[in-house]
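# Structural features, examined
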Amino acid sequence: MAILETKNVTYYYQDGDSRRYILEDTSVEFEKGIFYSILGQSGSGKTTFLSLISALDSPAEGEILYEGRNIKDIGYENFRRNKVGIIFQSYNLIPYLTALENVLVAMSVTENELPENKEEVAYNLLDYIGLAKTKADRPVTKLSGGEQQRVAIARALATNVDIILADEPTGNVDEAMEQEIVNIFKKLAHEHDKCVIVVTHSKEVSDQSDETLYLYKGSLKDHE
Amino acid sequence: MNYIKRALLSISRKKSKSLLLFLIIFILGNVMAGAIAIRQGANNVETNIKRQLGAVLTIEVDNEAIERASQENPGSPPEWPGPLQPDLLKTIGQSSYVKSFDYTTQFGLGSENLQRWMTPEEAEWSMNDTYSKFYGFQLKGTEYPPVMIIEEGKATLKAGRTFSQDEISTGVGVALITQQLADYNNLGVGDNIVLSNYILDYGETDGPMVEPTITERRDIPLQIIGIYENIESPEEPNQMVGQISKSELYNTIIVPNQTIIAEQQAMNEYYISQMEEELTEEQKAQAMLTYYTSLFILNSPDDIEAFKEETQALLPPFYKVFTNSDSFSIIAAPVQQTSKMASYVLMVAIGASILIISLVVMLFLRDRKHELGIYMSLGEKRSKVISQIVIEVVLVAILAIALSLVTGNFIAQGLSESMVRDQLIAEQDPFNPDPSVWEDQWRFGQFASNMTGEDIAENYRINFSPAYIGLFFIIGLATVLISTVVPTLYIVRLNPKQVLM
């Protein structure tokens, strides 16, 4: 059964009397244990699609279902808090907090069941993603782009959610780092049974994903 | 890492912004604290003075209202209202607000054998005074057996007793005299004195003034049943007790109203009989009416306004209720002006603070908009996002407000010193007091406030009362809360995508 599904999702911008459609009648299903990539040209609506399935925004028409239930009924805020982890291209970390504290923020927000020793779990998670304890205690502004992206990934994982959504996660990192991040996503999908959906324009990333979807003229199709 | 901890970390790690916010709130807080302190100082004066004065009221003709009515209708000026009669005064005195009441009539009498108390200077210039022998003593009536000035601590009973209800009702010849008059004439309780009501013929009133001839002398024998002494302030200057001369005060003899009314009527009857034109029965009845000065003491100064409202409804036109604290508003004008100005300053300061702090918070939030979007993208509740910002601003504000509470108070003290105290003391002239002081004296006698600018200045205190601290914190924090919540709400009402974009 699909963990996440879009049903006839339409999204448009109102421009005076006319509408500029970004997504039209898009229906797609995502399952656990699979690493998805969504490809598309700049401005094709990849990020909009991701913002809809991560409940950062709501569709104009259609519905998004989590385990068969409309996320609107779950509550967008509740859905973001307990069901998805989001990784942004620009990391979106809290600048005056350390790497560890950024992870702890997400852990304090979620209502999912987490171990008591949150700090230790956060250190281990950062270590697992490749950030040593010495760096975990540094303010995030003192870390490199790649390190900051690791923190963002650790934060997305820290809430023990089933779905990891990433918007151009390798956009600001070098090739070596890109590969490392892809490896993490593969591991999350295959070893931890997560549903990983990555929006990217990188062919290298999409080639390594289990399934690639292509967003073209407002429709999401299997890549051929 | 909940929102409270995040707020604390934000304050401690973004020191320059926290300091800037602190300074802005501190400066605005000083203006607000100063204005509140000045207002409270002025309110304290009013409360203290009114508590000291108690709640003493009287009912008199409202001259100003008659003047206004005359000006509005010059063709038919209003008739002077007749005196208030005992039935109405007793009805008013039954009010639940009233602790005790009295109404009194007065009459000047002379005496053949009783010596008027005089200072040596007075004795010298009054040797040739024709009238003082006819009116040397002031008879003051009462309907209140325990005697109001004794019961209310304006005088002490040195010997004997006060009146019985029976003596008051029948107007039997008994009297209370002052200790000074008793000593001057070597009198004691149980002694008898005789006062004389001289009915005089003044002759031709147009010609030069000549000594009047006595047409009738009515002797009033009185037995002294009590001797009292007025409470005087030790520093009273110029043989005065308040605005009353000592001789006037010491030569006052207290008797039942009925004793006086009998003499007033005898005199009135004589003068009516001497009139060339025959008066109608109604005019005669009018001429024989007794004029009373009433005095009502209320249970609490807080009841004054309610009593005034209740009483005014019972009064005939052109009568008004006066209190012994009415002159407060005239003497304390500089305080009230300053208080008024402080109120305006406070309102402007609150408005300016809301505007300035809102702008500062908005400026800070512009930098932090992205951060708020991150919290929202993580699913943090909007209420907690707002709470974090509110906690940050409020914690800084509490420190700034606490400090400005102290400094603002000092500023208010400095301002008050120059604006209020100096002005109050400079405006008072002991030899030419405000006319309201004389009016007070005439209306309330020993119950007059005798208030001076110095009394007001003495009571003008700016201090750290719990009310001041509480009010300042409430106003300060409410201002900060409004200034913070509104711009924060403006951001969090958006969806996270809009905030992060």
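Residues numbered from 1 in each chain as written. Chains lettered and ligands numbered in written order. Predicted model: local features only at pLDDT ≥ 70, side-chain atom pairs only at ≥ 80, totals over all residues.

## Here's the deal with the overall build of chain A
In terms of regular secondary structure, chain A is built from nine helices and 10 strands. Taking all 224 residues of chain A together, 50% fall into the buried category. Once local pairs closer than 6 in sequence are excluded, the contacts in chain A between residues at least 24 apart make up 71%. (Helix = DSSP H or I, 4+ residues; strand = E, 2+ residues; numbered from the N terminus. Buried ≥ 20, exposed ≤ 12 C-beta atoms within 10 Å, placed from the backbone. Contact = placed C-beta atoms within 7 Å.)

## With respect to the overall build of chain B
Broken down by element type, chain B carries 20 helices and 13 strands. Across chain B, every contact between residues at least 6 apart in sequence was considered, and the portion connecting residues at least 24 apart equals 87%.

## Remarks on the interface of chain B and chain A
Taken together, the contacts link 18 residues of chain B with 19 residues of chain A. For the side of chain B that touches chain A, the elements supplying multiple residues, two or more each, are α1 (3-13), α15 (333-377) and α20 (496-500) of chain B. The element that contributes the greatest number of residues to the side of chain B that touches chain A is α1 of chain B, accounting for four residues. Across the side of chain B that touches chain A, the residue classes tally to six nonpolar, five polar and seven charged. (Nonpolar A, V, L, I, M, F, W, Y, C, P; charged D, E, K, R; others polar.)

## Things to note about helix α5 (residues 118-129) of chain A
Residues and elements named next belong to chain A. Taking 1.5 Å per residue as the helical rise, α5 with its 12 residues ought to reach 16 Å, and the 16 Å between its terminal C-alpha atoms agrees with that figure. Here the buried face of α5 lies against α4 (99-109), α6 (133-136), α7 (145-158) and α8 (175-190). A positive phi of about 110 degrees marks G130, the residue just after α5. (Expected span 1.5 Å × (residues − 1).)

## Regarding the pairing of strand β4 (residues 61-66) of chain A
Residue and element names in this part refer to chain A. Examined bridge by bridge, strand β1 (residues 4-15) and β4 share five bridges and lie antiparallel to one another. Counterpart to T6 in the pairing with β4 is I64. Note that β4 and strand β5 (residues 69-70) share two bridges and pair antiparallel. Bridged to L65 within β5 is N70. Between the antiparallel neighbours β4 and β5 lie two residues, among them E67 with a positive phi of about 50 degrees. (Pairing = 2+ DSSP bridges.)

## Side note on the sheet that holds strand β12 (residues 293-298) of chain B
Residues and elements named next belong to chain B. Spatially, four strands are ordered β2-β12-β1-β13 in an open sheet, and the strand pairing comes out antiparallel. Every interior strand has two partners, whereas the edge strands, β2 (98-104) and β13 (319-323), have only one. Going across the sheet, the axis of each strand differs from the next one's by a mean of 25 degrees, ignoring polarity. The pairing of β2 with β12 spans six bridges and is classified as antiparallel. Paired with T104 across the two strands is T293, which belongs to β12. On the sheet, helix α13 (residues 304-312) packs against β1 (56-61), β12 and β13 and is oriented at approximately 165 degrees with respect to β13. (Axes fitted to C-alpha atoms, helices over the stretch in contact; angles between N-to-C directions.)

## Description of the pairing of β1 of chain A
Residues and elements named next belong to chain A. Across nine bridges, β1 lies against strand β2 (residues 18-30) in antiparallel orientation. Across the sheet, L4 pairs through a bridge with F30, a residue of β2. In sequence, β1 turns back onto β2 through a hairpin of two residues, with G16 there showing a positive phi of about 65 degrees.

## Side note on the environment of L188 of chain A
Residue and element names in this part refer to chain A. Mapped onto the fold, L188 is located in helix α8. In this structure L188 comes out as buried when scored by C-beta crowding, with 20 C-beta atoms within 10 Å. Measuring from C-alpha to C-alpha, the distance between L188 and F35 comes to 8.4 Å, with 153 residues separating the pair along the chain. Apart from residues no more than four positions distant in its own chain, L188 is found in contact with I164, K194 and V196.

## What about the sheet that holds β5 of chain A?
All names here are of chain A. Taken in spatial order, the four strands line up as β2-β1-β4-β5 in an open sheet, and their pairing is antiparallel. Edge positions in the open sheet fall to β2 and β5, since each of these has one partner strand only. Against the sheet, helix α1 (residues 46-53) contacts β1, β2 and β4, and its axis sits at roughly 120 degrees relative to β1.

## Some thoughts on unusual backbone geometry
All names here are of chain A. Phi at Y91 is positive, roughly 65 degrees, even though this residue is not glycine. Mapped onto the elements of the fold, Y91 is located in the loop between β6 (84-87) and α4. Using a count of 21 C-beta atoms within 10 Å as the deciding quantity, one classes Y91 as buried. With phi around 60 degrees, N160 is a residue other than glycine that occupies positive phi space. Considering the arrangement of structural elements, one finds N160 in the loop between α7 and β7 (163-167).

## Brief notes about the confidence of the model for chain B
In low-pLDDT regions, the fine details of the predicted coordinates are not to be read closely. Chain-level pLDDT for chain B is 83 on average; 89% of the residues reach the 70-or-more range. For this predicted complex, the interface confidence score (ipTM) comes to 0.92, while the overall pTM stands at 0.64. (pLDDT = per-residue confidence, 0-100.)

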